[in-house]
Amino acid sequence: YGEKFLYSFEIEKGLEHAKIPRMMLQPLVENAVYHGLEKRTEPGGMLWIKGRREGQSLVFSIIDNGGRLEGERLAKLQETLADRELLEQERRARKRIGLVNIQSRLKLMYGEEGGLTVEGKDGKVTVTVRLPIEETGIL
């Protein structure tokens, strides 16, 4: 993408070699680029990939300033990700495949202790993945 956007990794010390389930973050980064940054017309595009420990969880955030996700679209997406039945309906309909597959995998693997959330605020979209450290044996 040349100079279309910049990126930044902010990984908390000690997490550089943490093992996480395969294909958990890559589709989220891909979504940020494809649905946000690639379509951005003005300069100043930015992608942040952050990792930190939060209590007994490992938390990764993928943040981009490539577009807006707010209002009804954001509310519907949040509702779908929070409801197993809606999640399954989306999976069968093959909608939002990346987010739906990741959320389904996280819920199967970790129950309510793991999962992803999506927020849209101030022109940024943040997708956050939470993994329980104790159950995964990550560290």
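Above this note sits the structure.
Being a predicted model, the structure only gives us computed values, none of them experimental. (Residues numbered from 1 in each chain as written. Predicted model: local features only at pLDDT ≥ 70, side-chain atom pairs only at ≥ 80, totals over all residues. Heavy atoms only, no water.)

Enquirer: Give me the lowdown on the environment of K76, citing residues and values where you can.
Expert: Structurally, K76 can be placed in helix α2 (residues 71-82). C-alpha of K76 to C-alpha of L108: the two residues are 32 residues apart in sequence and 22 Å apart in space. (Helix = DSSP H or I, 4+ residues; strand = E, 2+ residues; numbered from the N terminus.)

Enquirer: How would you summarise the packing of aromatic side chains if you had to cite specific residues and measurements?
Expert: Summed over the entire model, instances satisfying the criterion amount to 1 aromatic pair. Relative to F9, the ring of Y7 has its centre 5.7 Å away and its plane inclined at 80°; by these criteria the two rings are edge-to-face. Of the two residues, Y7 and F9, neither departs from the other in class, the shared state being exposed. (Phe/Tyr/Trp six-rings, centres within 6.5 Å; stacked < 30°, edge-to-face > 60°. Buried < 20%, exposed > 50% of the residue type's maximum accessible area, 1.4 Å probe, protein only.)

Enquirer: Tell me what's going on with the nonpolar core, and back it up with residues and numbers.
Expert: By size, the foremost hydrophobic cluster in this structure holds 31 residues, and its most contacted members are L28, L47, L106, L116, V118 and V129. Sorting the residues of this core by element identifies α1 (26-35), β2 (45-54), β3 (57-64), α2, α4 (97-110), β4 (115-121) and β5 (124-132) as the ones contributing at least two each. Tallying contributions element by element places α4 first for this core, with 5 residues. (Core = buried A, V, L, I, M, F, W, Y, C linked by side-chain atoms within 4.5 Å.)

Enquirer: Could you give an account of the pairing of β2, naming the residues involved and the relevant values?
Expert: Pairing between strand β1 (residues 5-11) and β2: 7 bridges, direction parallel. Its bridge partner lying in β2, F9 is registered against I49. As a crossover connection, the stretch from β1 through α1 into β2 is left-handed. Bridge count for β2 against β3 is 8 bridges, and the pairing is antiparallel. Along β3, the bridge assignment pairs R52 with V59. Here β2 hands over to β3 after 2 residues, with G55 in that stretch at a positive phi of 60°. (Pairing = 2+ DSSP bridges. Right-handed = clockwise from strand over helix to strand, strands pointing away.)

Enquirer: Outline the side chain of S61, listing residues and values.
Expert: Tracing the sequence through the fold places S61 in strand β3. With a relative accessible area of 5%, S61 lands in the buried category. One polar contact links S61 to T128, side chain to side chain, over a distance of 3.3 Å. With near-sequence residues (within four places) excluded, S61 lies in contact with W48, I49, K50, R52, T126, V127 and T128. (Polar contact = N/O pair within 3.5 Å; in protein donor to acceptor, adjacent residues only side chain to side chain. Contact = heavy atoms within 4.5 Å.)

Enquirer: Can you lay out a nonpolar patch on the surface for me, pointing to particular residues and giving the numbers?
Expert: On the surface, Y7, F9 and I11 cluster together into a nonpolar patch covering about 340 Å² of accessible area. Residue placement: F9 occurs in strand β1. What makes F9 exposed here is its relative accessible area of 54%. (Patch = residues over 30% accessible without salt bridge, like charges linked within 9 Å, V, L, I, M, F, W, Y side chains within 5 Å. Areas by Shrake-Rupley, 256 points an atom, 1.4 Å probe, with all protein chains shown as cover. Salt bridge = Lys/Arg side-chain N within 4 Å of Asp/Glu carboxyl O.)

Enquirer: Describe the pattern of salt bridges, and please don't skip the residues or the numbers.
Expert: Per the stated rule, a full pass over the model turns up 4 salt bridges. E10 serves as the salt-bridge partner of K50, at 3.7 Å between the closest nitrogen and oxygen. Highlighted residues: K50 in strand β2 and E10 in strand β1, separated in sequence by 40 residues. In this structure, E54 and R52 form a salt bridge, with 3.1 Å as the shortest nitrogen-oxygen distance. According to the relative accessible area criterion, R52 is partly exposed, its value standing at 28%. If you follow the salt bridges from partner to partner, you end up with R52, E54 and R130 in one network.

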